[in-house]
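Reading the structure
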Amino acid sequence: MNVYKILIVDDHFVVREGLKLILETSEQFQMVGEAGNGSEALQLIKELQPDVILMDLNMPVMGGLDTMKELRNQGCTIPVIILTTYNEDDLMISGLAMGAKGYLLKDTSRENLFRNIESAVRGETLLSADIMERVIAVKSQQKAPIPLKHEANRLTDKEIFILQSVAKGFKSKVIAFDMGISERTVKAHLTTIYNKLGVDSRSQAVAVALERGILEM
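The sections below set out a description of the structure shown in this document.

Cut-offs used in this document
- Along each chain, numbering runs from 1 in the same order as the chain's sequence is written.
- Residue-level local features of this predicted model are given only where pLDDT is at least 70; pairs of side-chain atoms are given and counted only at 80 or more, and the full residue set underlies all totals for whole chains, interfaces and linings.
- Excluded from the side-chain calculations are hydrogens and water; all other atoms, namely the structure's heavy atoms, are used.
- Throughout this description, the term salt bridge denotes a Lys or Arg side-chain nitrogen within 4 Å of a carboxyl oxygen of Asp or Glu.
- Per the convention used, a helix needs a DSSP run of H or I reaching at least four residues, while a strand needs a run of E reaching at least two, with both numbered from the N terminus.
- Only protein chains enter the accessibility calculation, which uses a 1.4 Å probe; a residue is then buried when its area is under 20% of its type maximum, exposed when over 50%, and partly exposed in between.
- The crossover handedness rule: strands pointing away from the viewer, path from first strand over the helix to second strand clockwise, crossover right-handed.
- At least two DSSP bridges between two strands are needed for those strands to be called paired.

Here the focus is the pattern of salt bridges. A side chain of one charge can pair with a side chain of the opposite charge when the charged atoms of the two come close. Under the criterion given, the structure shown has six salt bridges. Across the pair Glu-183 and Lys-187 runs a salt bridge, and its minimum N-O distance is 3.6 Å. With Glu-183 and Lys-187 both in helix H9 (residues 183-197) and four residues apart, this pair spans about one turn of that helix. On the basis of relative accessible area, Glu-183 is assigned to the partly exposed category, the value being 33%. Taking the relative accessible area as the measure of exposure, Lys-187 reaches 44% and is therefore partly exposed. Each of Asp-10, Asp-56 and Lys-106 takes part in a single network of salt bridges with overlapping partners.

This is the structure:
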């Protein structure tokens, strides 16, 4: 059985302790370190090389978004799962657009925490339907679209339909059935969408498309 090393980054001691206690209930996860801000986290990440980082967004000294930007600049590919609260939707969307592999409320269940970590380790992004609805609701209120720089990168009507279906939570198999095409073709279209938007996951694609005004839900 693989044991995954977890780094917790949160400025609240109680939150860190709570997550630590939850992780200790499973032999599959090991908390290898904790940090109270992003600056501390960057040093620990180099030393500990965790498999997954649980990252708060609002922290003193260096917040979660700045930390994620620095990790990206360093070429770090360790998956990050955002930890936050209900009043941080804009920050959450920015984090997803930067490649976060999940979004968890700090009172999430043990099962949901483990499921998100396992998904992140596989390189997948896991978002619940209610979180995706919040992404769409926030971005639909912001009407200043950011156009794609090159005509070749514009999404086709078919690609927009697929992305809209993804935003609504439909799986590739269902989208394929609705469009009368194969699931493999849907996945090929998604790969093209990712390339055009410069992303590597469904949640990133939806967040960026909403940010640029490509999707209106």
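In this section: the pairing of strand S4 (residues 80-84). Consecutive side chains of a regular strand alternate in pointing toward one face of the sheet and then the other. A large share of S4 lies buried, amounting to five of its five residues. Alternating residues of S4 divide into Val-80, Ile-82 and Thr-84 and Ile-81 and Leu-83, and every residue in both groups is buried. Read as a crossover between parallel neighbours, the route from strand S3 (residues 52-56) over helix H3 (residues 64-73) to S4 is right-handed. Where S4 lies against strand S5 (residues 102-105), four bridges are found, and the strand directions are parallel.

Honestly, it's all geometry; don't read function into it.
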